Amino acid sequence: MTNTDFGVIITPVYHAKRGNIMSEQRKLRVGVIGCGRISVMHFVSIGAIDEVELVACCDIKKERAESAAKEYGIKAYTSYEEMLDTEDLDAVHLCLPHYLHSKVAVAAFERGVHVLTEKPMDIDYATAENAVKRAKELGVTYGVIFQCRYNNSARLVKEAVELTNKHLPTFKHIQVTELRDTEFEKTTTRKIKRFLVK
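Residues numbered from 1 in each chain as written. Predicted model: local features only at pLDDT ≥ 70, side-chain atom pairs only at ≥ 80, totals over all residues. Heavy atoms only, no water.

**Some points on the sheet that holds strand β3 (residues 28–33)**
Strand pairing within a sheet occurs via backbone hydrogen bonds; the two strands may be parallel or antiparallel. Selection rule: Strand pairing is defined by DSSP finding a minimum of two bridges between the two strands. Under the DSSP-based scheme used, a helix requires at least four consecutive residues in state H or I and a strand at least two consecutive residues in state E, with every element numbered from the N terminus. Throughout, an axis means a line fitted to C-alpha atoms (over the contacting stretch in the case of helices), and angles, computed between N-to-C directions, take values from 0 to 180 degrees.
The six strands are arranged β5-β4-β3-β6-β7-β8 in an open sheet whose pairing can be described as parallel. Each edge of the open sheet carries a strand with a single partner, namely β5 (75–77) and β8 (142–144). Averaged over all pairs of adjacent strands, the angle between their axes in this sheet comes to 25°, without regard to strand direction. Of the pairings in the sheet, the one linking β3 to strand β4 (residues 52–58) comprises six bridges and is parallel in character. Considered in β4, the bridge of Val-32 is made with Cys-57.

See below:
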C-alpha cells in the first residue's frame, strides 16, 4: 500500500481480492471488527478522514453491531468472515479481545485486506510472530496501535531508562499504572471529535 497522508490510495496498488492494479485515486473502504467500548475511537477517527469510507462493522453481539451500524450509517455483521468475504474492503480495524487479534488479522490478510489492530498483537508471542510473517508473505500492511507511547508516564519511564541504562541491568518488565477519573471516560468521544476537527 502506498504510504500517504490519511490513507489515500495513489497508484500503483495491488489489491489481492480484486486481482488488479488500481490506478485511480479513491477512498479507502474500511470496516471495524468488534463494536465494544474502544471501537468508538475508531469509528470517530475513520469518520473524520474524508479520504476514507467506513462501510461495515462486525460484532458477535448482534445488538452491538446493529447499534453501531445505525449510528454510523453502515452495514452490520455478526461474522467477521462474512464481512470480509462480502464487503470489498481495503482495511479493517480490529477492536477485539486480545486473544483474537492475530487470528482475525490473518483471516483479513488472506483476503488481501490491510489491518490496524488494537494492542497487543496477541497474548502469545509465537502467534503474533506468525501473523507478522503472514502479512509480509501476502504483501499487506499490519499496524498495531500503541497510543500510550507519548503519554507523560511513558516519556518519564523512557527518560529514566535512557539516563540510567549505562549503570543498570536491562529491564525485563516495567509496569506503569495510570488512573483515570470517570469524567475522562465520559468525555472521550467529545475530546476526540474536538481534536480531529481542528
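**A short note on helix α5 (residues 125–138)**
For clarity, the cut-off: Given the number of residues in a helix, its expected span is that number minus one, multiplied by 1.5 Å. Here a residue-residue contact requires only that any non-hydrogen atoms of the pair lie within 4.5 Å.
Between the first and last C-alpha of α5 there are 20 Å, a value that for 14 residues agrees with the 20 Å anticipated at 1.5 Å per step. In this structure, the buried residues of α5 make contact with α4 (101–109) and β8.

**Some words on the packing of α4 against α5**
Short version of the rule: Oblique is the label for any angle not under 35 degrees, not over 145, and not in the 65 to 115 range, which are roughly parallel, roughly antiparallel and roughly perpendicular in turn. Residues are sorted three ways: Asp, Glu, Lys and Arg are charged, Ala, Val, Leu, Ile, Met, Phe, Trp, Tyr, Cys and Pro are nonpolar, and all the rest, Gly among them, are polar.
Two numbers describe how α4 lies on α5: the axes approach to 9 Å, and their chain directions differ by 10°. One finds that α4 runs roughly parallel with respect to α5. Note on element contacts: α5 touches α4 through Thr-127, Ala-128, Ala-131, Arg-134, Ala-135 and Leu-138, opposite Ser-102, Val-106 and Phe-109. When the residues that make up the contact of α4 with α5 are grouped by side-chain class, the tally is six nonpolar, two polar and one charged.

**Focus: the packing of aromatic side chains**
Selection criterion: Classification of ring pairs rests on two measures: the distance between centres of Phe, Tyr or Trp rings, Trp counted by its six-membered ring, which must be within 6.5 Å, and the angle between planes, read as stacked under 30 degrees, edge-to-face over 60 and tilted in between. Residue burial is assigned from relative accessible area. The probe radius is 1.4 Å, only protein chains are included, and a residue is buried under 20% of its type maximum, exposed over 50%, and partly exposed in between.
If you walk through the whole model with that rule in mind, you get two aromatic pairs. Judged by centre distance (4.5 Å) and plane angle (20°), the ring pair of Phe-43 and Tyr-72 falls under stacked. Here Phe-43 is found in helix α1 (residues 39–47), whereas its partner Tyr-72 is found in helix α2 (residues 62–72), with 29 residues between them in sequence. Judged by its relative accessible area of 2%, Phe-43 falls in the buried class.

**Regarding the pattern of salt bridges**
Defined as follows: Within this document, salt bridges are pairs made up of a side-chain nitrogen of Lys or Arg and a carboxyl oxygen of Asp or Glu, the two lying within 4 Å of each other.
Taken as a whole and judged by the stated rule, the model has nine salt bridges. A salt bridge links Asp-59 to Arg-64, with the shortest nitrogen-to-oxygen separation between them at 3.8 Å. Taking the relative accessible area as the measure of exposure, Asp-59 reaches 7% and is therefore buried. The salt bridge involving Asp-85 is made with Arg-111; its shortest N-O contact spans 2.6 Å. A residue pair is termed long-range when its members are at least 10 positions apart, and Asp-85 in helix α3 (residues 80–86) and Arg-111 in the loop between α4 and β7 (114–117) qualify at 26 residues. When salt bridges with common partners are traced through the structure, they connect Glu-110, Lys-133, Arg-134 and Glu-137 into a single cluster.

**Overview of the nonpolar core**
Here is the rule we go by: For our purposes a nonpolar core is just a set of buried Ala, Val, Leu, Ile, Met, Phe, Trp, Tyr and Cys residues, chained together by side-chain atoms within 4.5 Å.
In this structure, Ile-33, Met-83, Leu-84, Val-92, Leu-94, Phe-109 and Val-115 are the most contacted members of the largest nonpolar core, which totals 24 residues. Every element with two or more residues in this core is listed here: β4, α3, β6 (91–94), α4 and α5. Considering each element in turn, this core owes the most residues, six residues, to α4. Filtering out sequence-adjacent residues up to four positions away, Val-92 remains in contact with Gly-31, Ile-33, Met-83, Leu-84, Ala-108, Val-113, His-114, Val-115 and Leu-116.

**Structural notes on the environment of Ser-79**
Cut-off, in case you're wondering: We define a polar contact as two N or O atoms separated by no more than 3.5 Å, with the added condition that, inside protein, one atom must be a possible hydrogen donor and the other a possible acceptor, whereas residues neighbouring each other in sequence contribute only through side-chain atom pairs.
The residue Ser-79 is located in the loop between β5 and α3 in this model. According to the relative accessible area criterion, Ser-79 is partly exposed, its value standing at 22%. Within polar-contact distance, the side chain of Ser-79 engages the backbone nitrogen of Glu-82 at 3.1 Å.

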